[in-house]
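Summary of structural features
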Amino acid sequence: MILDRTVAPEFQIPEQVNFPSPIKKTLQNGVSLYFMATPEIGAVKLEINADSNRVTGIVEKKLVSYFTLHLLMEGTKSKSSADLDTFFDTYASEVEVISNFEHNGLGLLTTKKHFNTVLPVFRELMTEAIFPEKELAKRKSQKALSISIQREQNGNRASHLFRQELFGEEHPFGQISDEQDVEAISREDLVSFYSEKLWVNPEVFLAGNLSEEEVEKVCEILGDLPTISFESKNPDFVNLPKPRLEERKESALQSSLRVGCHLIPKNHPDYFGLWVFNVFLGGYFGSRLIKNIREDKGHTYGIYSSIGSLKNADYWVVMADVIKEHTETVIDEIYHEVKRLQEEPIPIEEIEIVRNYLIGNLLSNFSSSFDLISRFKSIHQAGLDFGFYEKQLEYIKTFKPEDIQAIGKKYLLKENMVEVIVG
Amino acid sequence: MMINYQKFVLNNGLEVLVHEDHSSKIAVVNILYKVGSRNEIPGKTGLAHYFEHLMFGGSKNAPVFDAALERVGGSCNAFTNTDITNYYVTLPAVNLETAFWLESDRMFQLSLTEKTIETQRKVVIEEYKQRYLNQPYGDVFHHVRDLAFDQHPNKWPTIGKDIDDIVGYRKEDVEEFYLTHYSPDNAVMVVAGGVKTEDVKRLAEKWFGEIPSSKFPKKTIPQELPQTSKKVKTVEAEVPTDALYKVYHMPGKMQDGYLEADLITDIIGFGRSSVLEQSLVKNGHIFASVGAYILGTVDPGLLVFSGKMEKGQSAENAEKALDKVVKDFLQSQVEEEVLSKVKNQAEAMKTYESVQLLNRAMSLAYYAHLGDAELYQTSYEKKTKIPSHQIMEWANTILKEENSSVMYYKAKGG
């Protein structure tokens, strides 16, 4: 039989995706631990996340939490900086600093083989760090240098300015750190932050091939961590009309663009509609923005729109580095594509593609057991659980294009957009 | 930590490996073409990477590659380096056949329309600007490679030597490249995840079986002659601080001394406890950061030391401080603890890498392209058995001044 290549093979769209929930334990100090068993994997991942000082409302110098967390590996009461480096490297374990808008914390990636050896030393970092002056001085000069390099990177600079415009320079989410902020940090700032303000409402996330006893051991070792209980007030933001912010550079070959606004919380009835609207517009490789600006006009290597996750209300941003002289065209085209998607009927074929792509993507995101704990963490920190993904899957299967168009029209308003151009 | 697999070869030369993982409901189809920037010629540099973009421009029966894949719940991407161009598709395992249809169609009869050729030329030029020109320190490897190599195509980076080359590709160049390199006998396909070997066999025969082998011979790659004296280059740029790159020629992937070179950089430069980090960064005042690594190329490559200087410190001084650490290392023995640390790390890296199905598929394809997928395991075992005296013999062979090239990347007015 001669193969007919003109006919695409039959396909099916999976009906179900498994969203297995983690096991919850409560430690002696009241901290919750979430554990996802991954019997077939030799790696272990442990994370402790606390509410960041950016949401607790505790006023601090800008870089206090940054330096506190980065100095934890630079010496404890019983181990020097070099001892700690040798220890973690010898057991091939990676300690990672977690520092984002709403959380501060530490992560550990290790192997099942070395987990029990490494755990007590990882625990030491949480309460026994000594913040030596010499290491602090080196870290400060490294940070000052990286700030000066980032300022020269148009993409980074544009993202910083976008946050400043969106959240306001008064709010910690909108602040940009500079060399003076580095200079202002002293050892005393770190010591007091560490002992009094770091471990606010912490939670623990754990994944690996661990026995019941090993999980109990983690509970025990982390169960005596002194924690701070605090009613964190995650901020509410409103969209305010603002003039475009431009930072032009003569020598730049491209312009970095950021356009965006505040959205709605994940538990809002319109949330999934807005999320799907974003996918059509700029959220996957077949999106309207990619097709128009990259695949048709060739004005950029990449253009994407995405939704940033925050507890009270997410935000939306379009990002691209574009040919300098086409900057205006691209911004006009972004608004044009938003409007077109809001107003003109969406072709049936495109709807089918997005629906199926999203289902496949969800299946793929939940296919590796080791990643499940991170998926859980992100939705849990928004105050929700895996029920969110069940509902999301249902929405993907059944949404009506008119609904997502109406929702897009309601929330993506040109007058609400922050616009930043660097380069 | 071994990766299980079955292997078969079609009559047209396509090598197929199947890695079954029934815990997964998805499938990965990874196709590696044995072509990279080492197969390019001066004046047409960057062609392999540019061609990767064209492979997404549609084929005879699937004019829009991405959409056809997304419609069945899949997604895809690709990368190009000096040696290979690697394409991967992730999709629900039940729709495996769609990946075979799409991948075989673009291997067999890629459209190469005028529109795709011209738009992707623009896109790649923007990629070039975004990643290499409009970035502080973005072009360092353009300079370093150009300095270290005289003959071999490793002289230019995968993106291409300069934008003019990208501007100058003609339709004939593109077509010749396709006919020469994109054939079943120049590819390795790995299918992994919730799949069965017998199904993969049937589908491979069905979709790839009729694609002919290449009739166009590959060009010979000019090989580099041994370097006999040190090379130095100074570059000035608008950057906040000086950077130093010191590189040494080293053996290629399958040659003697490659694994030793890999161990040398692990010992001297991997992690916060390494001698470079401890003596130059944590207890020194010249370097803000430092690293040592190898470019793991198939043909002889480079062992690289790189670092950024603290403000006001010069790259020339930094080289002296680096040389002292290297000299001390050459006169020392590798301590047992250091060796066991490095071996622990090699073992753990394999564990971390193999967590993701896609990584397992890529590893199998990569080692199969080197000659045998077994090398994934055997080269690791070989590496962990190398005695310290053998590492030091190679260190003394490679880390010679006359074998080095140095670039001082200096802050203008700094």
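Residues numbered from 1 in each chain as written. Chains lettered and ligands numbered in written order. Predicted model: local features only at pLDDT ≥ 70, side-chain atom pairs only at ≥ 80, totals over all residues. Heavy atoms only, no water.

Residues and elements named next belong to chain A. Tallied over the entire structure, the rule returns 46 aromatic pairs over all chains. Ring plane angle 70° and centroid distance 6.4 Å describe the contact between Phe-101 and Tyr-315, whose orientation is recorded as edge-to-face. Here Phe-101, found in the loop between β4 (94-99) and β5 (103-111), pairs with Tyr-315, found in strand β10 (residues 315-323); they are 214 residues apart in sequence, far enough to count as distant. Residue classification places Phe-101 among the buried residues on the basis of a relative accessible area of 17%. Classification of Tyr-315 as buried rests on a relative accessible area of 15%. Aromatic pair Phe-366 and Phe-386: ring centres 5.6 Å apart, planes at 80°, arrangement edge-to-face. Pair noted here: Phe-366 is in the loop between α13 (348-365) and α14 (369-380) and Phe-386 is in the loop between α14 and α15 (387-398), with a separation of 20 residues, a long-range link. Note on Phe-386: relative accessible area 4%, which makes it buried. Over the face of the ring belonging to Tyr-66 we find Lys-143, whose NZ or CZ atom lies 4.0 Å from the ring centre. For Arg-355, the ring lying beneath its charged end belongs to Phe-399, and the centroid distance is 4.3 Å. (Phe/Tyr/Trp six-rings, centres within 6.5 Å; stacked < 30°, edge-to-face > 60°. Helix = DSSP H or I, 4+ residues; strand = E, 2+ residues; numbered from the N terminus. Buried < 20%, exposed > 50% of the residue type's maximum accessible area, 1.4 Å probe, protein only. Lys NZ or Arg CZ within 6 Å of the ring centre and 35° of its normal.)

Residues and elements named next belong to chain B. Partitioning chain B into structural domains gives domain 1 (6-208) and domain 2 (231-411). Averaged C-alpha coordinates put domain 1 and domain 2 at centres separated by 28 Å. Between domain 1 and domain 2, the contact holds 36 residues from the first and 37 residues from the second. Summing both sides of the interface, domain 1 and domain 2 together bury roughly 3100 Å²; the carbon and sulfur share of this comes to 71%. Considering only the side of domain 1, the residues that lose the most area to domain 2 are Tyr-137, His-143 and Leu-147, jointly responsible for 23% of the buried surface there. The interface formed by domain 1 and domain 2 contains three salt bridges. (Domains from an automatic or database assignment. Contact = heavy atoms within 4.5 Å. Buried area = accessible area lost by both parts, 1.4 Å probe. Salt bridge = Lys/Arg side-chain N within 4 Å of Asp/Glu carboxyl O.)

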